[in-house]
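So you can see what is in the structure, the chains are spelled out below.
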2 protein chains.
Amino acid sequence: MTVKSDIEIARAAQKLPIQEIGARLGIGAADLVPYGHDKAKVGQHFIDGVQDRPDGKLILVTAINPTPAGEGKTTTTVGLGDGLNRIGRKAAICIREASLGPCFGMKGGAAGGGHAQVVPMEDMNLHFTGDFHAITSAHNLLAAMIDNHIYWGNALEIDARRVVWRRVMDMNDRALRDVVSSLGGVANGFPRQTGFDITVASEVMAILCLATSLSDLQNRLGRIIVAYRRDRTPVYASDLKADGAMTVLLKDAMQPNLVQTLENNPAFVHGGPFANIAHGCNSVIATTTALKCADYVVTEAGFGADLGAEKFMNIKCRKAGLAPDCVVLVATVRAMKMNGGVAKGDLAAEDVEAVRRGCPNLGRHIANVKQFGVPVVVAVNHFTGDTEAEIAAVQDYVAEQGSEAILCRHWAEGSAGIEDLARRVAEIADAGQSQFAPLYPDDMPLFEKIERIAKRIYRADQVIADQKIRSQLHEWEEAGYGRLPICMAKTQYSFSTDPTLRGAPTGHDVPIREVRLSAGAGFVVVICGEIMTMPGLPRVPSAEAIMLNDAGQIEGLF
Amino acid sequence: MTVKSDIEIARAAQKLPIQEIGARLGIGAADLVPYGHDKAKVGQHFIDGVQDRPDGKLILVTAINPTPAGEGKTTTTVGLGDGLNRIGRKAAICIREASLGPCFGMKGGAAGGGHAQVVPMEDMNLHFTGDFHAITSAHNLLAAMIDNHIYWGNALEIDARRVVWRRVMDMNDRALRDVVSSLGGVANGFPRQTGFDITVASEVMAILCLATSLSDLQNRLGRIIVAYRRDRTPVYASDLKADGAMTVLLKDAMQPNLVQTLENNPAFVHGGPFANIAHGCNSVIATTTALKCADYVVTEAGFGADLGAEKFMNIKCRKAGLAPDCVVLVATVRAMKMNGGVAKGDLAAEDVEAVRRGCPNLGRHIANVKQFGVPVVVAVNHFTGDTEAEIAAVQDYVAEQGSEAILCRHWAEGSAGIEDLARRVAEIADAGQSQFAPLYPDDMPLFEKIERIAKRIYRADQVIADQKIRSQLHEWEEAGYGRLPICMAKTQYSFSTDPTLRGAPTGHDVPIREVRLSAGAGFVVVICGEIMTMPGLPRVPSAEAIMLNDAGQIEGLF
């Protein structure tokens, strides 16, 4: 059997005009702002008009700790959306937008895979509807206004050594990580050390994804801390009067994007914050809009459930007033084997024992999700080499945990391969058993919130932080930021802060290296280990092979 | 009488769906790629299909040397397009896109003014269809690939001190003019001095505007010189294998944008290269496409005729095989007064003598345009304070030069105010009297080309260049670049290189400070005086007042 590549399948897609996709959600053509014939933004007028409608059911797709074997979280999100539509439910999916820069490093960024994809794939990996460019512009306008303010006399008394707002670019460019700017003499300002992050790491990205309206967006932008004075008091974006112009730049980007799956079901693709220094979910406005238009909304969170689902629950749901009705935890036989100690090169051979050894990673995620009061079902994303005995081993293990694992073949078969999961998820969601609650209350002290996550989710013994960090947290509490949730930035490969520690480790500590206040986004970032906010290109960047072929199609991007 | 502001007039516009505008040019809805309901790109398939059609008539709108009084060149371009449609001719206009960054410095960037505007004004001054963002991405991808190549071993032996490719951002940010990059240690590369230009100054912008097809685009991108080796041999973008990916990033940006005037006539708005270090005209692909769809195409060139029209003729028309049928030279009574020595604050009072004193500036532009073999007519763009005697003084002067000056009231009256000019322009174009030829042949040595422009257009006595510059030009000739046209970068305020020297100076010299090779765009840039390629923000940037009002409209942008 010849297996078609993702791009071959995507190119063969019979896309419908985006107006037909909108119509299925009750969004008229006048309420769609088209970008080409297969992409549109949902107009503000429509969003304003549906606020009184009841919400559909919210289903979160998350996963075990990622391994190099690949779990297929987005593929399962897309497949489950298609599966729910197949069994007659009105469902939409909500996923993140891809970042442009990394596509020129490693092969990029398809939205799903096999027969569970979102299209148009090329556009989604390139400029799409321009949202990330708008975020780049808004971020860098603020940066320019800071240096400009200092240049013209610095009435706000910004300490140039304590400017914390860097610049961003949607590009993998290590040369920009650390620069000295404003060289060249009087006309160019005061030299200072600064740098660039990749656009998805911008606090503006996190803000756009958490804002509930344009006015909320502007308020949050205004609350961004851009610098400190000598007396350590913060200078805000609103002090520079930058929030209005930034909002204008983001006006269109705030509208959710609508595209379609290969099976012509609606897909909202909007926002894409980092899953480490930010919360890693698609925008609140996309999710809440989808919930007003569809009976079931399937969405996903970044990385594994220890990071992604935890932040989805504790940050996004808490802040947006959302409550998930069901969680789908994606696992694969291959990933269980890797958690069980098998190297990537040896995954082809059947190894039921290794599967069993790796399953405790899955088991802990199941238990963790249950702590939030949300029912959980495991999706075993089928790979062609999986044996029946291996699959049975996963299913048996999950059953022992009091949950259930359902085999899904959406990658190979599209919605026909995921009907069982769709039926079960609909059943769970319809039953209304979920009793969602965040893991910690708003009024818990910041350090205790960190401990709560570390102990309950990571199962660590203790959180290690020096006095400087504890004092910083205390200062923020004094300044009124104590009610903010925590955004953990640690490795996605392990429950611990050691990426090589697979499975379900215990007895480890969580050392905090640094804390940062994202006052506009509304969370405190806790950094454990090295976090790279500006990637570099590899020795042979994929850009070298990206080009248009004679038919005008894009080669090399996937 | 209450005079409405530009933005009030623009907001009151009764826009037609962009598909109706396309239909008037014979472009079907399927051949338009919509961006919202009032903007579209013209699809590549349509462009490919019209290549065998005859061309319409090409009319260039240019102007006297700009003064702080404002000439209204774009306003006249828009008005003339509307006027031609009003008298029953099928006409389209072609103008440049606005740059985002400067809108946050000074009040931006309306497309025309009064009752001669292109809409949607807000979008055109913000992200529009994303073309400039695509150019920024393509430019910076190349920059990242240069540093990445050096980082991974520098097989091409790039001399890091001789990297000539900077980065770009569409932002007025003086802090980025001069930076040291790659600081921070081994992981970030080799520190070197570099900087950022504003996006419109990118050679990628000039290339996009001169390319005739996607394959021509890729070839030109590949020919960009990014650096030199120790032995001074050039390293090209194609050596880094960056041209394919850059082309992919620019694929959509290459398609011309279609919008409409206030009177619902078609307007192509595409590309926006600097008018000093680049050639300052809208894209070749927009102009050639418009010529296949309309019987009359009205376009404009940057700055005054000494820079803009000269480059339009010697660079754009030469390279694209275009030949203008008529030139409209825009002048105002106010600008004549300023050329006659009146200060801006004193323009309100009638001063016929000052008008007469200023007219030689206009007279020289008329004579210059005639050197290209193209008929010229003067448009006197009426301002409310102009007196009959002042207008008569301009008209009498122009008549003495053997040309004619027609009073136009399009700003106040729309197309009804510019019928006389439209009739005369159509008459001239239809008569087919134009015998266009560039000012110098391809095979003239580079320095002689510079002298030709300086002596015939600027009426300078001589060109001054030290041996280093002459040797550089000679080296480029040896390397096969001798047939390229010249792109002069000098002040736009005077025929000379001294911006304070108004009127029609003689006896001056043209000193060359620097020459640069834009091998991808295909011209040699000759720099006379200071050229700023990264603007700064003013003390009170307009960004401070830009915001959404309660109705969701943008305030402060205009």
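Everything numeric here is computed off the predicted structure, so don't read it as measured data.

Draft legend 1. Quick peek at the domain arrangement of chain A. All names here are of chain A. Each domain of chain A was delimited in the assignment, giving domain 1 (6-129 + 253-431), domain 2 (132-250) and domain 3 (446-528). Distance between the C-alpha centres of domain 1 and domain 3: 27 Å. If you look at the interface, domain 1 gives 27 residues, while domain 3 gives 25 residues. Of the roughly 2,200 Å² buried between domain 1 and domain 3 on both sides combined, carbon and sulfur atoms contribute 59%. Between the two partners, domain 1 and domain 3, sit one salt bridge. Put simply, aspartate 306 and lysine 490 hold a salt bridge, and the shortest N to O gap is 2.8 Å. Counting the contacts that link domain 1 with domain 3 gives ten residue pairs in polar contact (both at pLDDT 80 or more). Those elements giving two or more residues to the side of domain 1 that touches domain 3 turn out to be helix H11 (305-320), helix H12 (333-339) and helix H13 (352-371). The element contributing the most residues to the side of domain 1 that touches domain 3 is H11, with eight residues. Across the side of domain 1 that touches domain 3, the residue classes break down as twelve nonpolar, nine polar and six charged.

Draft legend 2. Region of interest: the pairing of strand S3 (residues 57-63) of chain A. All names here are of chain A. Among the seven residues that make up S3, six are buried, leaving the element largely enclosed by the rest of the structure. Across five bridges, S3 lies against strand S16 (residues 296-300) in parallel orientation. Bridge assignment links isoleucine 59 to a residue of S16, and that residue is valine 298. Relative to strand S17 (residues 326-331), S3 runs parallel, the two sharing five bridges. The residue of S17 that forms the bridge with leucine 60 is valine 327.

Draft legend 3. A look at unusual backbone geometry. Residues and elements named next belong to chain A. Here the residue pair valine 119 and proline 120 is connected by a cis peptide bond, since its omega of 5° sits within 30 degrees of zero. Along the chain, proline 120 turns up in the loop between strand S6 (116-119) and helix H5 (121-125). Phi at arginine 232 is positive, roughly 70°, even though this residue is not glycine. Note that arginine 232 resides in the loop between strand S12 (225-229) and strand S13 (234-236). The exposure class of arginine 232 is exposed, given its relative accessible area of 53%.

Draft legend 4. Summary view of the packing of aromatic side chains. Taken as a whole and assessed by the stated rule, the structure comprises four aromatic pairs over all chains. The interplanar angle of 85° and the centroid separation of 5.2 Å between the aromatic rings of Tyr151(A) and Trp152(A) together place this pair among those described as edge-to-face. By relative accessible area, which is 25% here, Tyr151(A) ends up partly exposed. For Trp152(A), a relative accessible area of 32% corresponds to the partly exposed category. Here the guanidinium or amino end of Arg470(B) rests over the ring plane of Phe447(B), the centre of that ring lying 4.2 Å away.

Draft legend 5. Summary view of the sheet that holds strand S21 (residues 486-489) of chain B. Residues and elements named next belong to chain B. The sheet built from three strands is open, its strands ordered S21-S24-S23 with mixed pairing. On the outer flanks of this sheet lie S21 and strand S23 (514-518), each paired with one strand and no other. If you compare each strand with its neighbour and ignore which way they point, the axes differ by 20° on average. Relative to strand S24 (residues 523-527), S23 runs antiparallel, the two being bridged by five bridges.

Draft legend 6. Molecular detail of helix H11 (residues 308-320) of chain B. Residues and elements named next belong to chain B. Counting buried positions along H11 gives eleven out of 13 residues, so the element sits mostly inside the fold. Where H11 is concerned, the buried positions are Gly308, Ala309, Glu310, Lys311, Phe312, Met313, Asn314, Ile315, Lys316, Cys317 and Arg318. Looking at the residues trailing H11, positive phi occurs at glycine 321, about 70°.

Draft legend 7. Quick look at the packing of H13(A) against helix H14 (residues 388-400) of chain A. Residue and element names in this part refer to chain A. At their nearest, the axes of H13 and H14 sit 9 Å apart, and the two run at 35° to each other. As H13 packs across H14, the resulting crossing turns out to be right-handed. Between H13 and H14, the contacting residues are Val352, Val355, Arg356, Cys359, Pro360, Leu362, Gly363 and Ile366 on the first element and Ala389, Glu390, Ala393, Val394, Tyr397 and Val398 on the second. Split into classes, the residues belonging to the contact of H13 with H14 amount to eleven nonpolar, one polar and two charged.

Draft legend 8. Quick look at the environment of Ala301(B). Residues and elements named next belong to chain B. Inspection of the secondary structure assignment puts alanine 301 in the loop between strand S16 (296-300) and H11. Here alanine 301 falls in the buried class, since its relative accessible area comes to 0%. In sequence terms alanine 301 and histidine 474 are 173 residues apart; their C-alpha atoms lie 30 Å from each other. With residues up to four places along the chain from it excluded, the contact list for alanine 301 reads Leu60, Val61, Lys73, Arg96, Gly280, Gly308, Ala309 and Phe312.

Draft legend 9. Structural context of the sheet that holds strand S21 (residues 486-489) of chain A. Residues and elements named next belong to chain A. A sheet is described by the order of its strands in space; here three strands give the open sequence S21-S24-S23, paired in mixed fashion. Each edge of the open sheet is held by one strand with a lone partner, namely S21 and strand S23 (514-518). The mean angle between the axes of side-by-side strands here comes to 20°, regardless of whether they run parallel or antiparallel. Taken strand by strand, H11 contacts S21 and strand S24 (523-527), and its axis lies near 165° from that of S21.

Draft legend 10. Region of interest: the interface of chain A and chain B. Listed as interface residues are 64 residues of chain A and, on the opposing side, 63 residues of chain B. For the pair chain A and chain B, the two sides together bury roughly 5,500 Å², of which 66% comes from carbon and sulfur. Contact with chain B buries surface across chain A, with Trp152(A), Arg174(A) and Val248(A) losing the most and accounting together for 11% of the total. Along the contact surface separating chain A from chain B lie two salt bridges. Residue Asp173(A) pairs with Arg167(B) through a salt bridge whose shortest N-O separation is 2.8 Å.

Draft legend 11. Highlighting the relation of the copies chain A and chain B. The operation relating chain A to chain B is a screw motion whose rotation component is 180°, with 0.0 Å of axial translation and a residual RMSD of 0.0 Å. On the angle and the small slide along the axis, the relation comes out as a two-fold axis. Residues of chain A ranked by C-alpha distance from the rotation axis are headed by Tyr35(A), positioned 2.3 Å from it. The fraction of interface residues of chain A whose copies in chain B are also interface residues reaches 98%, indicating that both copies meet through the same surface.

Draft legend 12. Seen up close, the environment of Ile93(B). Residue and element names in this part refer to chain B. Examined against the element boundaries, isoleucine 93 turns out to sit in strand S4 (residues 91-95). A residue is classified by how much of its surface remains accessible, and isoleucine 93, at 1% relative accessible area, is buried. Look past the residues within four positions of isoleucine 93 in its chain and what remains in contact with it is Thr77, Val78, Gly81, Val118, Thr261, Pro266, Ala267, Phe268 and Val298.

Draft legend 13. Quick peek at the pairing of strand S18 (residues 376-381) of chain B. Residue and element names in this part refer to chain B. Counting buried residues along S18, six of its six residues qualify, which places the element largely inside the surrounding structure. Of the two faces of S18, the one carrying Val376, Val378 and Val380 and the one carrying Val377, Ala379 and Asn381 are both buried. Across five bridges, strand S17 (residues 326-331) lies against S18 in parallel orientation. When the bridges of S18 are listed, valine 328 appears paired with valine 377. For S18 and strand S19 (residues 405-408), the ladder comprises four bridges, and the chain directions are parallel. Of the residues in S19, the one forming a bridge with alanine 379 is isoleucine 406. With helix H14 (residues 388-400) bridging S18 and the parallel S19, this β-α-β connection has right-handed handedness.

Draft legend 14. Main features of the pattern of salt bridges. One pass over the full model with this rule turns up 58 salt bridges over all chains. Among the ionic pairs, Arg423(A) bridges to Glu419(A), the shortest N-O distance being 2.6 Å. A residue pair is termed a helical-turn pair when its members lie 3 or 4 positions apart in one helix, as Arg423(A) and Glu419(A) do in helix H16 (residues 419-431) at four residues. For Arg423(A), a relative accessible area of 43% puts it in the partly exposed group. For Asp38(B), the salt bridge is made with Lys15(B), and the minimal N-O distance between the two is 2.7 Å. With Asp38(B) in the loop between strand S1 (32-34) and strand S2 (40-42) and Lys15(B) in the loop between helix H1 (6-11) and helix H2 (18-24), the pair connects residues that are 23 residues apart, well separated along the chain. Given the relative accessible area of 12%, Asp38(B) is considered buried. Taken together, the shared-partner salt bridges in this structure form one network comprising Lys15(A), Asp38(A), Lys39(A) and Asp123(A).

Draft legend 15. Representation of the UniProt feature "binding site: ATP" (unreviewed entry) in chain A within the structure. Residues and elements named next belong to chain A. Here the UniProt-annotated "binding site: ATP" (unreviewed entry) positions come out as Thr67, Pro68, Ala69, Gly70, Glu71, Gly72, Lys73 and Thr74. Position of proline 68 among the secondary structure elements: in the loop between S3 and helix H4 (73-86). In this structure proline 68 comes out as partly exposed when scored by relative accessible area, which is 43%. In this view, proline 68 contacts Met338, Lys344 and Arg502; residues no more than four positions away in its chain are not counted. A relative accessible area of 26% places glycine 70 in the partly exposed class. Beyond its immediate chain neighbours, meaning those up to four positions away, glycine 70 contacts Thr332 and Phe383.

Calculation criteria
Residues numbered from 1 in each chain as written. Chains lettered and ligands numbered in written order. Predicted model: local features only at pLDDT ≥ 70, side-chain atom pairs only at ≥ 80, totals over all residues. Heavy atoms only, no water. Domains from an automatic or database assignment. Contact = heavy atoms within 4.5 Å. Buried area = accessible area lost by both parts, 1.4 Å probe. Salt bridge = Lys/Arg side-chain N within 4 Å of Asp/Glu carboxyl O. Polar contact = N/O pair within 3.5 Å; in protein donor to acceptor, adjacent residues only side chain to side chain. Helix = DSSP H or I, 4+ residues; strand = E, 2+ residues; numbered from the N terminus. Nonpolar A, V, L, I, M, F, W, Y, C, P; charged D, E, K, R; others polar. Buried < 20%, exposed > 50% of the residue type's maximum accessible area, 1.4 Å probe, protein only. Pairing = 2+ DSSP bridges. Phe/Tyr/Trp six-rings, centres within 6.5 Å; stacked < 30°, edge-to-face > 60°. Lys NZ or Arg CZ within 6 Å of the ring centre and 35° of its normal. Axes fitted to C-alpha atoms, helices over the stretch in contact; angles between N-to-C directions. Left-handed = near helix turned anticlockwise from the far one by under 90°. Least-squares fit on C-alpha atoms with pLDDT ≥ 70 in both. Right-handed = clockwise from strand over helix to strand, strands pointing away. UniProt positions renumbered as here; feature names shortened; annotations may be inferred.

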